[in-house]
Amino acid sequence: MTQTELFLMRRQKGIKLNQIAKTIGCSIALLSKYEHNKVAMDSNKVNQYKDYILNN
């Protein structure tokens, strides 16, 4: 699943970045930049991000 697909799924489900940030222990800014392909994120954080979106 691509970053864009995950972004769209997150928006469709109504999941806020602050919910994910609190759960995986990173900043909202990092997640936003990751979703807009401005920064790379640690693979562990990426997996947690994906899991949160897919399972909530």
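Residues numbered from 1 in each chain as written. Predicted model: local features only at pLDDT ≥ 70, side-chain atom pairs only at ≥ 80, totals over all residues. Heavy atoms only, no water.

Q: Lay out the packing of helix H2 (residues 17-24) against helix H3 (residues 28-35) in plain terms, naming residues and giving numbers.
A: For the pair H2 and H3, the least separation of the axes is 9 Å and the interaxial angle reads 115°. In terms of orientation, H2 and H3 fall into the roughly perpendicular class. For the element pair H2 and H3, the recorded crossing hand is right-handed. Touching Leu17, Asn18, Ile20, Ala21 and Ile24 of H2 are Ile28, Leu31, Ser32 and Glu35, all from H3. (Axes fitted to C-alpha atoms, helices over the stretch in contact; angles between N-to-C directions. Helix = DSSP H or I, 4+ residues; strand = E, 2+ residues; numbered from the N terminus. Parallel < 35°, antiparallel > 145°, perpendicular 65-115°, else oblique. Left-handed = near helix turned anticlockwise from the far one by under 90°. Contact = heavy atoms within 4.5 Å.)

Q: Which residues make up the environment of Leu30, and what values do they have?
A: Tracing the backbone shows Leu30 in helix H3. For Leu30, a relative accessible area of 27% corresponds to the partly exposed category. Distance in space between the C-alpha atoms of Leu30 and Met41 is 7.9 Å, their sequence separation being 11 residues. With sequence-adjacent residues up to four places away left out, Leu30 is seen in contact with Val39 and Met41. (Buried < 20%, exposed > 50% of the residue type's maximum accessible area, 1.4 Å probe, protein only.)

Q: I'd like a description of the nonpolar core, backed by residues and values.
A: If you look at the biggest cluster of nonpolar residues, it comprises 14 residues, and the most contacted ones within it are Ile20, Ile24, Leu31, Tyr34, Met41, Tyr49 and Ile53. Secondary structure elements with two or more residues in this core: H2, H3 and helix H4 (43-55). Apart from the residues within four sequence positions on either side, Ile24 is in contact with Leu31, Lys45, Gln48 and Tyr49. (Core = buried A, V, L, I, M, F, W, Y, C linked by side-chain atoms within 4.5 Å.)

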